[in-house]
Amino acid sequence: MVWHHTVAPGDVVVVDRNCHKSILHSIIMTGAVPVFLTPTRNHYGIIGPIPQSEFSPEAIERKIAANPLLAGVDAKKVKPRILTLTQSTYDGVLYNTETIKHALDGYIDTLHFDEAWLPHAAFHKFYGSFHAMGKNRPRPKDQLVFATQSTHKLLAGISQASQVLVQDAPSASSTATSSTRPT
Ligand SMILES: Cc1ncc(COP(=O)(O)O)c(C=O)c1O
């Protein structure tokens, strides 16, 4: 839903390589050109975080320049449409979202945190800014931020409900939507 609202065919999108299949479906359905951020992986095969150095406009520009699907395109003139990040991986990796917002403010206008497994974070101070948005959190200067959360994963009984949280510079709101699940 977030991508259908935001992304058009041919748009360059920046995507966590360790993403849910619904994000891969989004790439296919919108006809976007993906540039992947690659997480670390240790010798047990466990997927770790994407290094902070990958979240800079310069690092993303280098990836655009190296992307065979974007051959001949001037990387400096590309403005990626959206960044989607898995915010809580299955192994529990979380990012400081304020660091990421700050690093990309003015470069990528729309950030999407896939918080499928993280709807509870806003309710405990332990999580601090390691979730996308909440009460008394600062608003980015120029960005529109989405968090998609699978409430159904935490609250059995509300079936397949998910929600999309939206934070923008002047105002914020939240809306309930349906799940990407086919069943
Ligand atoms: C990381 C991640 N993102 C997205 C989804 C899809 O969420 P939903 O079931 O709310 O459509 C899942 C579901 O398993 C997931 O694990």
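Our subject is the structure that appears above.
To keep things clear, this report deals only with the structure shown in the data block. (Residues numbered from 1 in each chain as written. Predicted model: local features only at pLDDT ≥ 70, side-chain atom pairs only at ≥ 80, totals over all residues. Heavy atoms only, no water.)

Once that is clear, we can look at the pattern of salt bridges. Between side chains of opposite charge, a pair can form when the charged atoms approach closely. Within the structure shown, the criterion is met by 8 salt bridges. For Glu 54, the salt bridge is made with Lys 63, and the minimal N-O distance between the two is 3.2 Å. Overlapping salt bridges bring together Glu 98, Lys 101 and Arg 137 as one network. (Salt bridge = Lys/Arg side-chain N within 4 Å of Asp/Glu carboxyl O.)

Before going further, it helps to examine the nonpolar core. Ranked by size, the top nonpolar core spans 27 residues in total, and within it Phe 55, Ile 60, Ile 64, Leu 83, Leu 85, Leu 104 and Ile 108 carry the most contacts. Within the residue set of this core, elements represented by two or more residues are strand S1 (12-16), strand S2 (33-37), helix H3 (57-66), strand S3 (82-86), helix H4 (97-104), strand S4 (110-114) and strand S5 (144-149). Counting residues per element, this core draws most heavily on S2, at 3 residues. Setting aside anything within four residues of it in sequence, one finds Ile 64 in contact with Val 12, Val 35, Leu 70, Ala 75, Val 78, Pro 80 and Tyr 107. One finds Val 7, Val 15, Ile 82 and Val 164 within the second-largest nonpolar core, a separate group that totals 13 residues. (Core = buried A, V, L, I, M, F, W, Y, C linked by side-chain atoms within 4.5 Å. Buried < 20%, exposed > 50% of the residue type's maximum accessible area, 1.4 Å probe, protein only. Helix = DSSP H or I, 4+ residues; strand = E, 2+ residues; numbered from the N terminus. Contact = heavy atoms within 4.5 Å.)

In this model, Ser 88 sits at a positive phi of 85°, which is unusual for a non-glycine residue. Here Ser 88 falls in the buried class, since its relative accessible area comes to 11%. Look at Asn 136: it is not a glycine, yet its phi comes out positive at around 60°.

Let us now look at H4. For H4, the full list of buried residues reads Thr 97, Ile 100, Lys 101 and Leu 104. Summarising the axial view, the buried residues of H4 lie within an arc of 100°, below the 170-degree limit, and thus occupy one face. As for H4, its buried residues are in contact with H3, S3, S4, S5 and strand S6 (162-167). Of the residues that open H4, the one with a side-chain oxygen 3.1 Å from the backbone nitrogen of Glu 98 is Asn 96. Downstream of H4 by one or two residues, Gly 106 has phi in the positive range, about 90°. (Arc of directions from axis to C-beta. Polar contact = N/O pair within 3.5 Å; in protein donor to acceptor, adjacent residues only side chain to side chain.)

Let us now look at helix H2 (residues 21-30). Ser 22, Ile 23, Ser 26, Ile 27 and Thr 30 are the residues of H2 that are buried. Angular distribution of buried residues about the axis of H2 spans 150°; they occupy a single face of the element. Exposed residues lying more than 90 degrees from the buried face of H2 are Lys 21, Ile 28 and Met 29. Considering only its buried residues, H2 is in contact with helix H1 (2-6), S1, S2, S3 and S4. Phi turns positive, to about 75°, at Gly 31, one or two residues after H2.

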